[in-house]
Amino acid sequence: MITVWPVETTNFRAFGWVQDPSNLRSLCNVTAIFDENSSLHQALVCTIIPGLVEERDGRAELIEALNKRPLRISYSKLVGTAFKPRSESRCNGIVQATVKGQVRPFIGEWQADNFVRWAYAFHFIRYNYEDDTFEITEEGRELVRARGEEEELTKEETELLTRAALSYPPAVRILRLLADEDAHLTKFELGKQLGFIGEGGFTSLPQSVLLRTLAITKDPSDINKMKADWEGSSDKYARMIAKWLAKLGLVEAVPKAFQVPIQSEVHTVTIGQAYQITAKGYMALNHTNGKSSYKKLSKNVCFEMLATKAGDREYLRTRRAYLLKFVSESKQGISVSQLVERLAECGLNCEEGSISDDIKGLINIGLNITCKNNLYYLEDVLNDFLIPTARLEGKSEVEIIKEQMRGELTHLSHEYLGLLDLAYDSKQNRLFELKTMQLLTEECGFEGLHLGGSRKPDGIVYTKDESEQVDKENYGIIIDTKAYSGGYSLPISQADEMERYIGENQTRDIRINPNEWWKNFGDGVTEYYYLFVAGHFKGKYQEQIERINCNKSIKGAAVSIQQLLRIVNDYKAGKLTHEDMKLKLFY
């Protein structure tokens, strides 16, 4: 049952998705905190916390929290707080003290937060909205009782952890994707199909663009850094879930090699974080689906997992939670138009396109929703969860624009609506670069590469076959993307930088820039342009465009991400050619 429950708070925690921890024994130990009869609980009270936590950091308060009955521990006591600099961190949380770190005898507050999220996602602990506390569930007590004498997991612990993973919808999503035609998928191929695609909280780095970037990168340290650090949030979730499933024997990690053509050469690029399902994984899927002699497992869903990014987070969570409630209660099926009406009755007004995208998102988090004769059915059994209703703010401007553009983007995947979030998040500037290049090369018929790095533009694109048409020439574009929260004014320094790139391409002198980035333009390109891409532009940016045009005898433009999405959609719809796009952007 999905229950609506009024609350006073409008600020909810980030539960449902986990990025950091993977140690199953540590997860069992964190669960044991909440069982007053466990040996670990007693050790925390008597030796561990007295030995690790100083009095000034709340030692007495943490011990008092552990001694309360019934045992319900607040989030702040569990996780503690961060120290700056981190090198001078002291232990000030119960979970911090429970898990040993790699360098210190305790972990930091970020790792502690993720262990709490993990235990909650696996339904070993329960959250109480009224006082921000956690307590153990019956599944959690079972896990604690299954502990053996050794550090290694017992058979019963492994079985309980496997059952918990199979009740966690995102883990089931990963298994289903890998089971589809016995797929071999990287974290990026999994991540792009995990979560609510097209919003800032569920980003996936475009693998095809990354592969081309890796193929042209010469420095091994740069290659290793890209492979280790370049990923979106959904890619991180996919990698972490696959790691859990691998430890439970349901999947195995198998590196995947790709042949990447760059002009006349073919490069081999390997992604190490790639996975395949095992025979045990197929059996587990039968269990979760209730096939053969297995009883179908109920799924653990929480309100917080339905959106993760700030801004419209609570609005989106509430809309999707009500949507899931209405689908789950409609045994005869429910249409999109009926869902729009039901949501409007709850004060949640939205377009049918938003509902269709939300349903795809619910499927992408691992729920089994089917469609028959334009009616939607939930085939899963859900464990009880609450919709904590509070006063909702109105939709943000970005969400309003997204709803409008869903109706306009008739030929372009709505995953690219995520560019509207990325364009205003300076912390995601690299991902904005990569997704913009993916939009132009995979959806718009351009050849091209993401370049980035020192003394290179963000990327280049070019046409390949225009010269075969009468009075048409192949052209190239130097791309510079800008992710700024308040829009982009194109300061003189950035205009000067573009002038340098244009000049380097015009002279092509290795003495001026030895990296020779311009060689990535294909043969036969005879015209060149430049393009700035941002959320929107402000101030006197057009004056800078005109100055560059005059100084370098070249044409360029500044285009908002909304405009670019519409142009690419029209190209895919057959309304624009590359020649039309050139005229629309630069003339």
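Data block above holds the structure.
Residues numbered from 1 in each chain as written. Predicted model: local features only at pLDDT ≥ 70, side-chain atom pairs only at ≥ 80, totals over all residues. Heavy atoms only, no water.

Enquirer: Can you help me understand the overall build of the protein in this one?
Expert: Helix and strand content of the protein: 24 helices and 17 strands. The globule rule puts the C-alpha radius of gyration for 587 residues at 25 Å, and the 26 Å found for the protein is close to it. Contacts spanning at least 24 positions in sequence make up 66% of the contacts within the protein whose residues lie at least 6 apart. Surface accessibility of the protein: about 26000 Å² in total, with carbon and sulfur atoms responsible for 46%. Seen as two clouds, the 74 positive and the 83 negative side-chain charges of the protein have centres 2 Å apart. (Helix = DSSP H or I, 4+ residues; strand = E, 2+ residues; numbered from the N terminus. Rg over C-alpha atoms; globule rule 2.2 N^0.38 Å. Contact = heavy atoms within 4.5 Å. Areas by Shrake-Rupley, 256 points an atom, 1.4 Å probe, with all protein chains shown as cover. Lys, Arg positive; Asp, Glu negative; His and termini not counted. Charge placed at Lys NZ, Arg CZ, Asp CG, Glu CD.)

Enquirer: Help me understand the pairing of strand E16 (residues 525-534), please; the structure alone is not making it clear to me.
Expert: The side chains of a regular strand alternate between the sheet's two faces. Most of E16 sits inside the fold, with seven of its ten residues counted as buried. Relative to E16, strand E15 (residues 474-482) runs parallel, the two being bridged by nine bridges. Paired with Tyr475 across the bridge in E16 is Glu527. Taken together, the six bridges between E16 and strand E17 (residues 555-560) define a ladder with parallel strand orientation. The residue bridging Tyr529 from the neighbouring strand is Lys555, located in E17. As for the winding sense of the linkage, the β-α-β connection from E16 through helix H22 (residues 541-552) to E17 is right-handed. (Buried < 20%, exposed > 50% of the residue type's maximum accessible area, 1.4 Å probe, protein only. Pairing = 2+ DSSP bridges. Right-handed = clockwise from strand over helix to strand, strands pointing away.)

Enquirer: Just to check I follow, could you spell out the side chain of Arg319 for this structure?
Expert: Summarising the element assignment, Arg319 is placed in helix H15 (residues 313-329). A distance of 3.3 Å separates a polar atom in the side chain of Arg319 from a polar atom in the side chain of Glu403. For Arg319, the residues in contact, after removing those within four places along its chain, are Leu343, Leu348, Cys350, Ser354, Asp358, Glu399 and Glu403. (Polar contact = N/O pair within 3.5 Å; in protein donor to acceptor, adjacent residues only side chain to side chain.)

Enquirer: Looking at this structure, how should I read helix H24 (residues 578-586)?
Expert: In an α-helix, one turn spans 3.6 residues, which is why side chains three or four residues apart end up on the same side. All of the buried residues along H24 are His578, Glu579, Met581, Lys582, Leu585 and Phe586. Buried residues of H24, viewed axially, fall in a sector of 160°; they line one side. Where H24 is buried, its residues touch E15, E16, E17 and helix H23 (561-572). (Arc of directions from axis to C-beta.)

Enquirer: Help me understand the nonpolar core, please; the structure alone is not making it clear to me.
Expert: Counting residues in each nonpolar core, the largest one holds 116 residues, and the members touching the most others are Ile33, Leu78 and Phe122. The leading source of residues in this core is H15, at eight residues. Discounting chain neighbours no more than four positions away, the residues touching Ile33 are Leu40, His41, Leu44, Leu66, Leu71, Ile73, Leu78, Ile94, Val95 and Thr98. Judged by nonpolar contacts, the second largest core, of 73 residues, contains Leu205, Tyr475, Ile561 and Met581. (Core = buried A, V, L, I, M, F, W, Y, C linked by side-chain atoms within 4.5 Å.)

Enquirer: Is there a simple way to think about the packing of helix H18 (residues 397-408) against H23 in this case?
Expert: Two packed helices can be described by the angle between their axes and the distance between those axes. Here H18 crosses H23 at 15°, and the two axes come no closer than 11 Å. In this view, H18 runs roughly parallel relative to H23, as classed from their interaxial angle. Between H18 and H23 the crossing geometry is right-handed. When H18 is examined against H23, the residues Ile401, Gln404, Met405 and Glu408 are found in contact with a partner set consisting of Gln562, Leu565, Arg566 and Asn569. Residue composition of the contact of H18 with H23, by class: three nonpolar, three polar and two charged. (Axes fitted to C-alpha atoms, helices over the stretch in contact; angles between N-to-C directions. Parallel < 35°, antiparallel > 145°, perpendicular 65-115°, else oblique. Left-handed = near helix turned anticlockwise from the far one by under 90°. Nonpolar A, V, L, I, M, F, W, Y, C, P; charged D, E, K, R; others polar.)

Enquirer: When you look at the pattern of salt bridges in this model, what are you seeing that I'm missing?
Expert: Two side chains with opposite charge may pair up if their charged atoms get near one another. This model, assessed by the stated rule, comprises 44 salt bridges. Arg320 is the partner of Asp358 in a salt bridge, and the nearest nitrogen-oxygen pair spans 2.9 Å. Taken together, the positions of Asp358 in helix H17 (residues 352-364) and Arg320 in helix H15 put the pair 38 residues apart, joining distant regions of the chain. Of the residues examined, Asp358 reaches a relative accessible area of 1% and is grouped as buried. The exposure class of Arg320 is buried, given its relative accessible area of 2%. (Salt bridge = Lys/Arg side-chain N within 4 Å of Asp/Glu carboxyl O.)

Enquirer: I would appreciate a short explanation of unusual backbone geometry in the present structure.
Expert: Backbone geometry follows two general trends: most residues other than glycine have a negative phi, and most peptide bonds adopt the trans configuration. Here Arg69 and Pro70 are connected by a cis peptide whose omega angle stands at 0°. Following the sequence through the fold, Pro70 ends up in the loop between helix H3 (59-67) and strand E2 (73-74). Positive phi, normally seen in glycine, also occurs at Gln263, with a value near 55°. Residue placement: Gln263 occurs in the loop between strand E7 (256-262) and strand E8 (265-271).

Enquirer: Hey, could you run me through helix H11 (residues 207-216) in this one?
Expert: By the criterion of burial, H11 is predominantly enclosed, with eight of the ten residues buried. Buried residues of H11: Gln207, Val209, Leu210, Leu211, Arg212, Thr213, Leu214 and Ala215, and no others.

Enquirer: Just to check I follow, could you spell out the packing of aromatic side chains for this structure?
Expert: Between two aromatic rings, the relevant description is the distance of the centres plus the angle of the planes. Within this structure, the stated rule accounts for 33 aromatic pairs. Taking 6.1 Å as the distance between ring centres and 70° as the angle between the ring planes, the aromatic pair formed by Tyr488 and Phe537 counts as edge-to-face. Taken as a pair, Tyr488 in the loop between E15 and helix H21 (492-507) and Phe537 in the loop between E16 and H22 lie far apart in primary sequence, 49 residues in all. Overall, the relative accessible area of 13% leaves Phe537 in the buried class. Summarising the aromatic geometry, the rings of Phe521 and Tyr528 are spaced 5.0 Å apart at their centres and angled 70° between planes, so their arrangement reads as edge-to-face. Residue classification places Phe521 among the buried positions, given a relative accessible area of 4%. For Tyr528, a relative accessible area of 22% gives the class partly exposed. Among the aromatic side chains, those forming a connected cluster through ring pairs are Trp5, Phe15, Tyr120, Tyr127, Tyr129 and Phe134. Here the guanidinium or amino end of Arg320 rests over the ring plane of Phe196, the centre of that ring lying 4.0 Å away. Note that Lys372 overlies the ring of Tyr377, its terminal NZ or CZ placed 5.4 Å from the centroid. (Phe/Tyr/Trp six-rings, centres within 6.5 Å; stacked < 30°, edge-to-face > 60°. Lys NZ or Arg CZ within 6 Å of the ring centre and 35° of its normal.)

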